[in-house]
Amino acid sequence: MRVQKTMNLNKEQAQNIASVLAEALPYIQRFSGKTIVVKYGGNAMTDEHLKAGFARDIVLMKLVGMNPVVVHGGGPQIGNLLEKIGKESQFIQGMRVTDTETMDIVEMVLGGLVNKEIVNLIHQHGGNSVGLTGKDGNLITAKKLTLTKDDPSASAPEIIDIGHVGEVENINTSVIEMLIQGDFIPVIAPVGVGADGHSYNINADLVAGKVAEALNAEKLMLLTNTAGLLDKEGNLLTGLNTQTVDSLIADGTIYGGMLPKIQCALDAVQNGVNAAHIVDGRVEHAVMLEVFTDEGVGTLITAE
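Residues numbered from 1 in each chain as written. Predicted model: local features only at pLDDT ≥ 70, side-chain atom pairs only at ≥ 80, totals over all residues. Heavy atoms only, no water.

## Considering the overall build of the chain
Then, in step 1: Scanning the chain from N- to C-terminus turns up nine helices and 18 strands.
Then, in step 2: Against the compact-globule benchmark of 19 Å for 304 residues, the chain has a radius of gyration of 20 Å, which places it among compact chains.
Then, in step 3: When its C-alpha atoms are laid out on the principal axes, the chain stretches across 75 × 45 × 35 Å.
Then, in step 4: A total of 304 residues make up the chain; the buried ones form 47% of that total. (Helix = DSSP H or I, 4+ residues; strand = E, 2+ residues; numbered from the N terminus. Rg over C-alpha atoms; globule rule 2.2 N^0.38 Å. Buried < 20%, exposed > 50% of the residue type's maximum accessible area, 1.4 Å probe, protein only.)

This is the structure we're talking about:
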């Protein structure tokens, strides 16, 4: 027996819904079968409403034929657990100083707590996902990140040791590709392993960018706690290319914490990724709006 659903929609509401679906169609057709790497972090990762919306967006992308790959952060969660055990967080040049004890906490939080929560959220909304760290299947080979102290009076750069903090040396895509082919959504924690056998904590934006490059992804999406890249008057900038971004860095429009994200996006589009997006993760269904609508909710960066 067929059950008929009733909806209290007026004509205008029904037309709006139809318009949204019609607007989404060409994007579904264009990106079907394409890989989209999404870096998940910020408010979207801590607000319960936004978390549920993110999971639904990722599941929808998979259901309409796209191949989403999620790379996640977890800085606030790491900081909270360190505080609980009485260990103070220390940052140098925006990087968390990661001694051996802190690295154990990082692995526990990123590879266990946060990663499995995201996997569970995706499952709750009808998707199939598998959680990984960069140590699984030799996914992320890392090397120790070296920072130098900026001291013009010094005869040679002073090296700053911040412990088990790394940068990506290589991405082994075979595990990710196997999961995609098996109709799973990979969820990756940004922990790598070095040739020395040591674990390394790596910035999630950088991992997402390198994963996107290695997979020759259609899109790289970096969720942030801002509307995107803003000009000096606070207006959202979008439709940028590498030359425009270089000039914005030169005139001081792009500075501080936005610089690493922008550099990650630039590296990605200069190394084969079709487009990079700095997306406002505070907006509900931000991923869906960026992928399926004309206007989007962030800053688009392309190579040309």
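## Brief notes about the UniProt feature "binding site: substrate" (unreviewed entry) in the chain
Then, in step 1: Using the residue numbers shown here, the UniProt feature "binding site: substrate" (unreviewed entry) corresponds to G74, G75, R96 and N201. A maximum C-alpha distance of 11.9 Å among these annotated residues, which run over 128 residues, shows that they cluster at one spot.
Then, in step 2: In this structure, G74 sits in the loop between β2 (67-72) and α3 (75-84).
Then, in step 3: By relative accessible area, which is 7% here, G74 ends up buried.
Then, in step 4: If near-sequence neighbours (up to four positions away) are discounted, G74 is found in contact with M45, V109 and L110.
Then, in step 5: Mapped onto the secondary structure, R96 falls in strand β4 (residues 95-96).
Then, in step 6: For R96, the residues in contact, after removing those within four places along its chain, are G75, I78, G79, L82, S89, Q90, F91, T102, I162 and V165.
Then, in step 7: At a separation of 3.1 Å, a polar atom in the side chain of R96 contacts the main-chain carbonyl oxygen of G75. (UniProt positions renumbered as here; feature names shortened; annotations may be inferred. Contact = heavy atoms within 4.5 Å. Polar contact = N/O pair within 3.5 Å; in protein donor to acceptor, adjacent residues only side chain to side chain.)

## Observations concerning the UniProt feature "site: Transition state stabilizer" (unreviewed entry) in the chain
Then, in step 1: The UniProt record annotates "site: Transition state stabilizer" (unreviewed entry) at K39 and K261. Sequence-wise these annotated residues cover 223 residues; spatially they are packed, their C-alpha atoms never more than 10.8 Å apart.
Then, in step 2: One can find K39 in strand β1 (residues 35-40).
Then, in step 3: Non-local contacts of K39, meaning those with residues more than four positions away in its chain, are made with V71, A204, D205, A208, M221, L222, L223 and K261.
Then, in step 4: The residues contacting K261, other than those within four sequence positions of it, are K39, D205, L222, L223, T224 and I278.

## What to know about the packing of aromatic side chains
Each aromatic ring pair is summarised here by two numbers: the centre-to-centre distance and the angle between the ring planes.
Then, in step 1: All told, the structure shown has two aromatic pairs when counted by the stated rule.
Then, in step 2: Relative to F54, the ring of Y40 has its centre 3.8 Å away and its plane inclined at 5°; by these criteria the two rings are stacked. Within this pair, whereas Y40 is found in strand β1, its partner F54 is found in helix α2 (residues 48-63), the two being separated by 14 residues in sequence. Both residues of the pair, Y40 and F54, belong to the buried class. (Phe/Tyr/Trp six-rings, centres within 6.5 Å; stacked < 30°, edge-to-face > 60°.)

## Some details on the side chain of N115
Then, in step 1: Mapped onto the elements, N115 comes out in helix α4 (residues 100-124).
Then, in step 2: A residue is classified by how much of its surface remains accessible, and N115, at 0% relative accessible area, is buried.
Then, in step 3: Excluding residues within four positions of it along the chain, N115 makes contact with H72, V109, L110, G131, L132, V187, I188 and A189.

## A word on the packing of helix α7 (residues 242-250) against helix α8 (residues 258-270)
Then, in step 1: Between α7 and α8, the least distance of the axes is 11 Å, while the angle of their chain directions is 155°. Here α7 is positioned roughly antiparallel relative to α8, judged by the angle of their axes. Relative to α8, α7 is oriented so that their crossing is left-handed. Along its contact with α7, which presents T242, V245, D246 and I249, the element α8 presents L259, I262, L266, V269 and Q270.
Then, in step 2: Grouping the constituent residues of the contact of α7 with α8 by class yields six nonpolar, two polar and one charged. (Axes fitted to C-alpha atoms, helices over the stretch in contact; angles between N-to-C directions. Parallel < 35°, antiparallel > 145°, perpendicular 65-115°, else oblique. Left-handed = near helix turned anticlockwise from the far one by under 90°. Nonpolar A, V, L, I, M, F, W, Y, C, P; charged D, E, K, R; others polar.)

## Brief notes about α4
Then, in step 1: With 25 residues, α4 ought to run about 36 Å at 1.5 Å a step, and its terminal C-alpha atoms sit 35 Å apart, in line with that.
Then, in step 2: If you look at α4, its biggest bend is around 30°, right at N115.
Then, in step 3: Where α4 terminates, the next one or two residues include G126, which has phi positive at roughly 95°. (Expected span 1.5 Å × (residues − 1). Bend = angle between axes of the 7 residues up to and from the residue.)

## Digging into the pattern of salt bridges
Then, in step 1: With the rule as written, the count across this model stands at 12 salt bridges.
Then, in step 2: Of the charged contacts in the structure, one is a salt bridge between K39 and D205, with a shortest N-O distance of 3.5 Å. On the criterion of sequence distance, the pair formed by K39 in strand β1 and D205 in helix α6 (residues 204-214) is long-range, its members being 166 residues apart. With respect to class, K39 is no different from D205; both count as buried. (Salt bridge = Lys/Arg side-chain N within 4 Å of Asp/Glu carboxyl O.)

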